[in-house]
Every structure is written in C-alpha cells, then in structure tokens.
Amino acid sequence: MSILSQSEEQSDSAVGQPSGDAESAADSDVTARPLFRLGRVLFGGVLAFTAVDNLRQLEGRIDYADAKDAPLPGVTVPSVSGSLLLGGISVALWRAPAAGAAAIASFLIGTTPIMHDFWNEDDPQQQQQELTHFLKNTALLGAALAFLEVGQRET
C-alpha cells in the first residue's frame, strides 16, 4: 500500500466513509475500459503521426512558421514537434500519461493562436480554413486536458 493510499484511507475513515467509494472505483476503472483505450490510442496516435509528418517535412514547416512570424522557427518547430511526438506516444501507450497530455496541451496552447490566426486573414476562404484548424485544435486541447485529468488521478 502506498503512502498516498494510506493517507486517503485515513481521511476517508475519519469522515465515516469507507475507502474506495463507488466514485473513486469508477474513476480508477475508466482507463481499463475498451472505449477509453481506443480513444487514447486514436488521440495519441494521430498526434504522434502529425509530429512525425512535421519532422519529415521540417524545412517546409519551418518556412510556414516563419511566414506566420512564429518566434525562432528553426528552433521551435523541431522542439515542439518532438514534444508532440513524445506526448502522443505517451498518451497512446498510457505511460506517464499526465506528462504526455501536458506536453500535448502545451503544444496546442502555444501553436494554435500563432499558426491559425484566422482573425488576421483577409481572404474569406483562408479565414474559414484557419478558423476550422483553430477550432479543431481547441477541441484537441479539450481532449488533452481530459487525458491530463485522468492521468493525474493515476499517479
């Protein structure tokens, strides 16, 4: 029994509740459920694939980031792509999931407003495309935050 679980047990018994109530049991079981496993593999796998694609086309990605006035694109693009790769693999394999989800969330928070700045586009078609990417990344951020929460509960 870990120190954390001992203190939780003492805390639960101090308020007259048995340790391991139904809510905490349901939380701990969610990561073993098939839909959760499929979801994390799809989420992490697609992001890891995206990162590999970024790294394989690094020069083009750096040029694009430079055109968007991203800071130090020659350094930031490979580093954030590497971070996304590690985060995606981490979530897909559910190894250090909180750290992996945090890496993904950091990537999305840092890159989305710079790379998909739809509010700066004059062309309506380009503005719509950037808005779509911005909203997609926002949804991915929401999933990363959910995986972060679940991953933190397991540590």
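For the structure, check the block above.
We now turn to the structure provided with this report. (Residues numbered from 1 in each chain as written. Predicted model: local features only at pLDDT ≥ 70, side-chain atom pairs only at ≥ 80, totals over all residues. Heavy atoms only, no water.)

Right, let's get into a negative patch on the surface. On the surface, a cluster of negative charge is contributed by E59, D63, D66 and D69. Structurally, the position occupied by D63 is in helix α4 (residues 58-67). (Patch = residues over 30% accessible without salt bridge, like charges linked within 9 Å, V, L, I, M, F, W, Y side chains within 5 Å. Areas by Shrake-Rupley, 256 points an atom, 1.4 Å probe, with all protein chains shown as cover. Salt bridge = Lys/Arg side-chain N within 4 Å of Asp/Glu carboxyl O. Lys, Arg positive; Asp, Glu negative; His and termini not counted. Charge placed at Lys NZ, Arg CZ, Asp CG, Glu CD. Helix = DSSP H or I, 4+ residues; strand = E, 2+ residues; numbered from the N terminus.)

Counting 20 residues, the largest nonpolar core has F43, L84, V91, W94, I104 and F147 as its most contacted members. For this core, the leading source of residues is helix α6 (residues 97-115), giving six residues. In contact with F43, other than residues within four places in its own chain, are V91, I104, L140, A143, A144 and F147. (Core = buried A, V, L, I, M, F, W, Y, C linked by side-chain atoms within 4.5 Å. Buried < 20%, exposed > 50% of the residue type's maximum accessible area, 1.4 Å probe, protein only. Contact = heavy atoms within 4.5 Å.)

This part covers the pattern of salt bridges. Under the definition given, this model contains five salt bridges. In this structure, D53 engages R61 in a salt bridge whose closest nitrogen and oxygen atoms are separated by 2.8 Å. Residue D53 is classed as partly exposed on the basis of its relative accessible area, which comes to 22%. Through salt bridges with shared partners, one network takes in K68, D117, E121 and E130.

Next up on the list: helix α5 (residues 73-93). Between the first and last C-alpha of α5 there are 29 Å, a value that for 21 residues agrees with the 30 Å anticipated at 1.5 Å per step. Among the residues making up α5, those that are buried are P73, V77, S81, G82, L84, L85, G87, G88, S90, V91 and A92. On the buried face of α5, the contacting elements are α3 (34-56), α4, α6 and α7 (124-153). Two residues or fewer past α5, W94 is found with a positive phi of approximately 55 degrees. (Expected span 1.5 Å × (residues − 1).)

With that out of the way, let us pick up the packing of aromatic side chains. Counting across every chain of the model gives seven aromatic pairs. Both rings, one in F118 and one in W119, keep their centres 5.0 Å apart while their planes meet at 80 degrees; by these two values the pair is edge-to-face. You can call F118 partly exposed: its relative accessible area is 21%. You can call W119 partly exposed: its relative accessible area is 45%. A centroid spacing of 5.9 Å and a plane angle of 85 degrees characterise the contact between W119 and F134, whose relative ring orientation is edge-to-face. Note that W119 is positioned in the loop between α6 and α7 and F134 in helix α7, a separation of 15 residues in sequence. (Phe/Tyr/Trp six-rings, centres within 6.5 Å; stacked < 30°, edge-to-face > 60°.)

Here α4 crosses α5 at 120 degrees, and the two axes come no closer than 9 Å. Of the possible angle classes, the one that applies to α4 and α5 is oblique. Considering the relative orientation of α4 and α5, their crossing is right-handed. Across from L58, R61, I62, A65 and D66 in α4, the residues of α5 making contact are P73, G74, V77 and P78. Looking at side-chain class alone, the contact of α4 with α5 contains six nonpolar, one polar and two charged residues. (Axes fitted to C-alpha atoms, helices over the stretch in contact; angles between N-to-C directions. Parallel < 35°, antiparallel > 145°, perpendicular 65-115°, else oblique. Left-handed = near helix turned anticlockwise from the far one by under 90°. Nonpolar A, V, L, I, M, F, W, Y, C, P; charged D, E, K, R; others polar.)

Turning to the packing of α3 against α5, a few remarks are in order. Look at α3 against α5: their axes get within 7 Å of each other, and the N-to-C directions meet at 155 degrees. On the basis of their axis angle, the class for α3 and α5 is roughly antiparallel. At the point where α3 passes α5, the crossing takes the left-handed sense. Residues R40, V41, F43, G44, G45, L47, A48, T50, A51, V52, N54 and L55 of α3 touch α5, and the partners they reach there are P78, S81, L84, L85, G88, I89, V91, A92 and L93.

Interpretation note: all reported values are geometric properties and have no functional meaning in isolation.
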